[in-house]
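# Chains, contacts and geometry: an overview
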Amino acid sequence: MSYDRTETTSRTAWRNWAGNVTARPARTVSPASVDELSAVVRRAAADGLKVKAGGTGHSFTAVAATDGVRIRPDLLTGIREIDRTGSPATVTVEAGTPLKRLNAALAREGLSLTNMGDIMEQTVAGAISTGTHGTGRESASIAAQVRALELLTADGSLLRCSAEENADVFAAARVGLGALGVITAVTFAVEPVFLLTAREEPMSFDRVTAEFDQHVAENEHFEFYWFPHTGNCSTKRNNRSAGLPAPLGRVSGWVEDEFLANGLFEVVCSVGKAVPMVIPPLARVSSRVLSARTYTDIPYKVFTSPRRVRFLEMEYALPREHVVEALREVKAMVERSPLKISFPVEIRTAPADDIPLSTASGRESAYIAVHLYRGTPHRSYFTAVERIMIAYGGRPHWGKVHTRDAAYLAGVYPRFAEFAAVRDRLDPDRLFGNDYLRRVIGD
Ligand SMILES: Cc1cc2nc3c(=O)[nH]c(=O)nc-3n(C[C@H](O)[C@H](O)[C@H](O)COP(=O)(O)OP(=O)(O)OC[C@H]3O[C@@H](n4cnc5c(N)ncnc54)[C@H](O)[C@@H]3O)c2cc1C
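Computed from a predicted structure; not experimentally measured. (Residues numbered from 1 in each chain as written. Predicted model: local features only at pLDDT ≥ 70, side-chain atom pairs only at ≥ 80, totals over all residues. Heavy atoms only, no water.)

## Structural notes on the pairing of strand β15 (residues 293–297)
In terms of burial, β15 is a largely internal element, 4 of the 5 residues being buried. Relative to β15, strand β12 (residues 195–204) is paired through 5 bridges, and the arrangement is antiparallel. The residue of β15 that forms the bridge with Arg-199 is Thr-294. (Buried < 20%, exposed > 50% of the residue type's maximum accessible area, 1.4 Å probe, protein only. Helix = DSSP H or I, 4+ residues; strand = E, 2+ residues; numbered from the N terminus. Pairing = 2+ DSSP bridges.)

## Focus: the packing of aromatic side chains
The geometry of two aromatic rings is summed up by the distance between their centres and the angle between their planes. For the coordinates displayed, the defined rule picks out 11 aromatic pairs. Judged by centre distance (6.1 Å) and plane angle (70°), the rings of Phe-212 and Phe-224 are edge-to-face. A residue pair is termed long-range when its members are at least 10 positions apart, and Phe-212 in helix α6 (residues 212–218) and Phe-224 in strand β13 (residues 221–226) qualify at 12 residues. Comparing Phe-212 with Phe-224, the two get one shared label, buried. One aromatic cluster is present, formed by Trp-17, Phe-60, Phe-265, Phe-311 and Phe-343 through successive ring pairs. Its guanidinium or amino end placed over the ring of Tyr-413, Arg-395 lies 4.7 Å from that ring's centre, counting from NZ or CZ. One Lys or Arg, Arg-404, reaches over the ring of Tyr-408 and ends 4.9 Å from the middle of that ring. (Phe/Tyr/Trp six-rings, centres within 6.5 Å; stacked < 30°, edge-to-face > 60°. Lys NZ or Arg CZ within 6 Å of the ring centre and 35° of its normal.)

## Focus: the sheet that holds strand β4 (residues 51–53)
In space, the 3 strands of this open sheet follow the order β3-β5-β4, with parallel pairing throughout. Because the sheet does not close on itself, it has two edges, and the strands there are β3 (27–29) and β4. Recorded for the sheet is a direction-independent mean angle of 20° between the axes of neighbouring strands. Of the strand pairs in this sheet, β4 and strand β5 (residues 69–71) are connected by 3 bridges, and their pairing is parallel. Counterpart to Val-51 in the pairing with β5 is Val-69. Set on the sheet, helix α1 (residues 34–46) makes contact with β3, β4 and β5; between it and β5 the angle comes to about 165°. (Axes fitted to C-alpha atoms, helices over the stretch in contact; angles between N-to-C directions. Contact = heavy atoms within 4.5 Å.)

Keep in mind that these numbers describe shape and distance, not what the molecule does.
Structure representation (structure tokens):
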């Protein structure tokens, strides 16, 4: 069967959200069904081209880059099935469905995912493939909420994977880095929609780091941001509420989330990029503008918010018991260096999970994420932070800037060889390979 739906052969350039990764795929295609996808994969293999399924390009690494055939997710979207008979209930969605569409559809059905990250622009397959996570005491990453998935492999088979069926593939493919095949559908555990009360509150660095374990223990979802060049932090505690909804007011929500967190922040960042000397005084002022607020809403409206200011990010997962010590080292490093950092540093947590390449695989974890405004040279800051993270056996987020290779990663992931073995079996010729996978998993 020949396949040419919306195919482009002119080597149209592809660029990720942050603009730091570009690629020139030989072909870009938008299959609209598993049969069409299967034809795309067969034809690419016959033409000697690599294949890469893309999400929405929100990874900061070249994990989604290819010079072969790029598969766009646009036409592989939608809800396939909601099953309320099981415990938990589940939803099965096409792999290219954006999280925001899933969240809205679930809310209409009175359902919700349990936990999620900071934004919901990504596709479901893209989000799980790099281990996208939010913060949680008991509830883990989005991939950890997957109950089954369907994977089109290099030999053309469509594998249905779950804890009961193709269990080894299921374990690996939940955070599969696009290395095992093309995911065509994902089944998530869902629960009746619930309310979360968010309490956002400024706190000093000294206090939040001294009380970190207590805040994590007392809250279902605790996170905080530290503002470099200051002793100020902003904390956020989300807990389930039995009360009534009390959403952010439209005006105050717009002022705080659009004007302050995006519009004004963009101005502050671009001024800081032009004149780095002003960053520390601006940070001292802007970190004090944030005031305490409390609101109660459905989960995705509490967990996620728009991120319009473009940035570059690196994030490491550390054994949780080391995170405060590591963060203090980051702070000391920034203070004694000439670096001027306009973006806050984000700290989140996750319980241990059972996914071989999840950053929280087999260990209770906390994350330190550093960001820089787009176009700001990042090497000296990220290198200095990365050195601290590595000393604690840190695991880099697969979708965020890092310099680690397979030799290092095999040492910090006890189940690395298990993933590599599944890859060798499913994709011996590396049809789904790219330069990034060669670096982080090996040839
Ligand atoms: C503004 C912003 C905020 C973010 N917030 C968070 C956060 O809070 N927490 C967090 O952990 N991360 C966060 N990230 C990172 C982001 O969630 C991940 O990089 C995620 O993988 C991006 O999903 P995507 O749909 O854009 O996929 P892409 O970046 O396009 O692709 C990622 C990987 O998924 C693979 N893939 C995509 N579709 C398929 C498929 N159908 N089959 C097999 N493989 C597939 C690709 O091949 C690639 O390997 C953020 C990124 C940005 C830019």
